[in-house]
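# Examination of the molecular architecture
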Amino acid sequence: QVQLAESGGGLVLAGDSLRLSCAASVRTSSRGWFRQAPGKEREFVAAISNFGITNYADAVKGRFTISRDNTANTVYLQMNNLKPEDTAVYYCSAAGATYYTGSNQGRYDYWGQGTQVTVSS
């Protein structure tokens, strides 16, 4: 059983930056970040394969960067130029497939508890 633990959320002002971290209890394959804003469905943010191939949602391209440290079983989400519409609970996930970096939540087998990101204008 893979356990995922997110950290790094908080309250920031528009234009600020935050870095989220997600530590896994064991070595994992592809990793993803999703988010869920109040009253909305959970949506894809970014993903990274075991070999570093990345994929981003259009809403965050150019502002967010996903990366991973395989030696530490940790994935990061660097979020720059944050906007109020980025406010959400951010969830870390892990997929069983090595190469998958898509947005299909059903392909991700494990999920963290989430960390709140609030961007104030």
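Up top is the structure these notes are about.
Here is what the cut-offs are and how they apply
- Residues numbered from 1 in each chain as written.
- Predicted model: local features only at pLDDT ≥ 70, side-chain atom pairs only at ≥ 80, totals over all residues.
- Heavy atoms only, no water.
- Core = buried A, V, L, I, M, F, W, Y, C linked by side-chain atoms within 4.5 Å.
- Buried < 20%, exposed > 50% of the residue type's maximum accessible area, 1.4 Å probe, protein only.
- Helix = DSSP H or I, 4+ residues; strand = E, 2+ residues; numbered from the N terminus.
- Contact = heavy atoms within 4.5 Å.
- Pairing = 2+ DSSP bridges.
- Axes fitted to C-alpha atoms, helices over the stretch in contact; angles between N-to-C directions.

Looking now at the nonpolar core. If you look at the biggest cluster of nonpolar residues, it comprises 33 residues, and the most contacted ones within it are Trp33, Val45, Phe64, Ile66, Leu77, Met79 and Tyr90. Listed by contribution, the elements that provide at least two residues to this core are strand E3 (18-24), strand E4 (31-36), strand E5 (43-48), strand E7 (64-69), strand E8 (74-79), strand E9 (88-95) and strand E11 (115-120). Not counting residues up to four positions away in its chain, the partners in contact with Val45 are Trp33, Phe34, Arg35, Asn55, Tyr56, Ala57, Val60, Phe64, Leu77 and Tyr90.

What follows covers unusual backbone geometry. The phi torsion at Asn73 lies on the positive side, around 50°, for a residue other than glycine. The exposure class of Asn73 is buried, given its relative accessible area of 19%. Phi at Asn81 is positive, roughly 50°, even though this residue is not glycine. Here Asn81 shows up in the loop between E8 and E9.

With antiparallel pairing, 4 strands are arranged side by side in an open sheet as E1-E3-E8-E7. Unpaired on one side and paired on the other, strand E1 (4-7) and E7 mark the two borders of the sheet. Averaged over all adjacent pairs, the angle separating strand axes in this sheet is 15°, with direction ignored. Judged from the 6 bridges that link them, E3 and E8 form a sheet pairing that is antiparallel. If you follow Leu20 over to E8, its bridge partner there is Leu77.

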